[in-house]
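Chain by chain, the residues run as shown.
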Amino acid sequence: MSVTTPRGFRAAGVAAGLKTSGGADVALVVNDGPDAGVAGVFTTNRVKAAPVRWSQQVVQGGVVRAVVLNSGGANACTGPAGFQDTHATAEHTAAVLTSVSPRLILGAGEVAVCSTGLIGERLPMPKLLPGVRSAIRGLSRDGGPAAAEAIMTTDTRPKTTVARGSGWTVGGMAKGSGMLAPGMATMLCVLTTDAVAGPATLDEALRAATRVTFDRVDSDGCMSTNDTVLLLASGASGIEPTPAELAAAVTAACQDLAQQLVADAEGATKQVAIDVVGAADEDEAVEVGRTVARNNLVKTALFGNDPNWGRILAAVGTTAAAFEPDEVDVAVNGVWVCRGGAAAEDRSKVDLTGRDVTIRIDLHAGTSAATIWTNDLSHAYVHENSAYST
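Cut-offs and rules
Residues numbered from 1 in each chain as written. Predicted model: local features only at pLDDT ≥ 70, side-chain atom pairs only at ≥ 80, totals over all residues. Heavy atoms only, no water. UniProt positions renumbered as here; feature names shortened; annotations may be inferred. 1 Å grid on protein atoms, 1.4 Å probe; cavity = no way out; pocket = protein on both sides within 12 Å on 5 of 7 lines; lining within 4 Å. Helix = DSSP H or I, 4+ residues; strand = E, 2+ residues; numbered from the N terminus. Buried < 20%, exposed > 50% of the residue type's maximum accessible area, 1.4 Å probe, protein only. Pairing = 2+ DSSP bridges. Axes fitted to C-alpha atoms, helices over the stretch in contact; angles between N-to-C directions. Contact = heavy atoms within 4.5 Å. Expected span 1.5 Å × (residues − 1). Core = buried A, V, L, I, M, F, W, Y, C linked by side-chain atoms within 4.5 Å. Points joined across faces, edges and corners; volume = space filled by probe spheres on them. Nonpolar A, V, L, I, M, F, W, Y, C, P; charged D, E, K, R; others polar. Salt bridge = Lys/Arg side-chain N within 4 Å of Asp/Glu carboxyl O.

(A) Here's a closer look at the UniProt feature "binding site: substrate" (unreviewed entry) in the protein. Mapped onto this numbering, the UniProt entry annotates "binding site: substrate" (unreviewed entry) at T153, K175, T186, E266, N385 and T390. As for the annotated residues, the ones lining the largest pocket are T153. You can see E266 is positioned in the loop between α6 (243-263) and β10 (271-279). A residue is classified by how much of its surface remains accessible, and E266, at 6% relative accessible area, is buried.

(B) Broad picture of the sheet that holds strand β3 (residues 37-42). On the basis of which strands lie adjacent, the open sheet formed by five strands has the order β3-β9-β8-β7-β6 and mixed pairing. Unpaired on one side and paired on the other, β3 and β6 (159-164) mark the two borders of the sheet. Looking at each pair of strands side by side, their axes are set apart by 15 degrees on average, direction ignored. Strand direction decides the pairing type here: β3 and strand β9 (residues 228-233), joined by six bridges, are antiparallel. Bridging from a neighbouring strand, A39 pairs with L231 of β9. Of the strands in this sheet, β3, β8 (188-193) and β9 are in contact with helix α5 (residues 199-212), which crosses β3 at around 35 degrees.

(C) Representation of helix α2 (residues 79-100) in the model. If you check α2, its first and last C-alpha atoms are 32 Å apart, about what 22 residues at 1.5 Å a residue would give, namely 32 Å. Taken together, the buried positions of α2 are occupied by G82, F83, D85, T86, T89, A90, H92, T93, A94, V96 and L97.

(D) Here's a closer look at the nonpolar core. Ranked by size, the top nonpolar core spans 56 residues in total, and within it L28, V29, V67, L69, M173, V190 and L232 carry the most contacts. Each residue touching L69, except ones within four places of it in the same chain, is listed here: D25, V26, A27, C114, I151, M173, L188 and V190.

(E) Looking closely at the layout of surface pockets. Quantified by volume, the largest pocket comes out at close to 380 Å³. In terms of lining, the largest pocket is formed by 16 residues, of which the most central are L18, K19, T20, G72 and G73. Its residues assigned to classes, the lining of the largest pocket comprises six nonpolar, seven polar and three charged.

(F) Representation of the pattern of salt bridges in the model. Under the definition given, this model contains 15 salt bridges. Taking the shortest distance from any N to any O, the salt bridge between D155 and K159 comes out at 2.7 Å. Overall, the relative accessible area of 7% leaves D155 in the buried class. Taking relative accessible area as the criterion, K159 reaches 1% and is therefore assigned buried. Residues participating in the shared-partner salt-bridge network are D155, R157, K159, K175 and D264.

(G) The pairing of strand β7 (residues 169-175), seen in detail. Burial analysis of β7 places seven of its seven residues in the buried class, the great majority of the element. Where β6 lies against β7, six bridges are found, and the strand directions are antiparallel. Paired with T161 across the bridge in β7 is G172. As paired elements, β7 and β8 share six bridges and run antiparallel to each other. Bridged to G171 within β8 is T192.

(H) Main features of the pairing of strand β15 (residues 368-375). Burial analysis of β15 places six of its eight residues in the buried class, the great majority of the element. Across seven bridges, β10 lies against β15 in antiparallel orientation. Paired with Q271 across the two strands is N375, which belongs to β15.

(I) Representation of the sheet that holds strand β11 (residues 329-332) within the structure. Strand order in this open sheet of six strands is β13-β12-β11-β14-β10-β15, and the pairing throughout is mixed. If you trace the sheet from one side to the other, it starts and ends with β13 (342-343) and β15, each paired once. Along the sheet, helix α7 (residues 282-293) makes contact with β10, β14 (356-362) and β15, crossing β15 at roughly 20 degrees.

(J) Region of the structure containing the environment of V328. Mapped onto the elements of the fold, V328 is located in the loop between α9 (309-316) and β11. Looking at V328, the relative accessible area reads 0%, which means it is buried. Residues V328 and D376 lie 48 residues apart in sequence; the distance between their C-alpha atoms is 23 Å. Residues within four places of V328 in sequence aside, it is in contact with L313, F323, C338, R339, G340, G341, I361, D362 and L363.

See below:
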């Protein structure tokens, strides 16, 4: 259940001293081939971290043989020096890998870099680079779980997945529990496959997957500077699935990881699915779902076990979606508390004592639908984020 489940991949996770906790904070995923195709999607935030800008360039080349990731520092808003630190990390990784693995002759342009942690501070390179060397020494086919642990920040548990095709596999790991309002993906995610697939096919599959999974997670309305999702293909299975088969497996892996992210959202006591149906088109369904997901009055009501459908309807009314206010229906955990824009079933029938919540909104304006996944807003979320940098 990790990035090393597909054939052709090794990984490692080590402690380099970047985290004050002393926990694992440097991860490495290496593609031993024979192929090295890659695709990536990145944050649409205009403020992009140095590793995002570096990896965007690398992915354009279509070949990635290694991904080095660190927690304990985002390397965002660090200026030219921060970008040079990313470049130096890629150069160091390539040089050491080449020296210890002669069959892996690679340059810095084949190394993607990902970072996560506090924004605005440079990484301690005297700790990071030796950590990369240690990770290279620790590379193994069983190293996926350790790599997933090393990329955690405020996560309470590692997040890994596997989706199986016919003779080929997709594996993955992700991190993220805060700043979860992706504009393409999520905090950090590495997906691997031993299928035979070129960069164009990988890119098509990845974008199709993230559009309906990571891109529809909206935990706290805050978009990260570091969001990165990479898909690497080793071709080690010798099997070339159809583009549709590959996209289906990648989507299944992303969906599993996306649900794990929502379940581990900072301070969350509720895991919420907002199903919008009867929309004029899919984009409007997404807009309505995302608007409700980001509404603090709705989120705090859910934390208090209050099926306050008036707050939901008010949030829907702030969108540009096509609908008639006196035709909208709203159900909370299967109870239609609002019909035709007015009170319907007794709200006391709604059971919100469990963790899972489903809000269904029928706009009666068309045939399109979409689901957005979110969580409630709790005291714990406020506490954790008020003290994050200290």
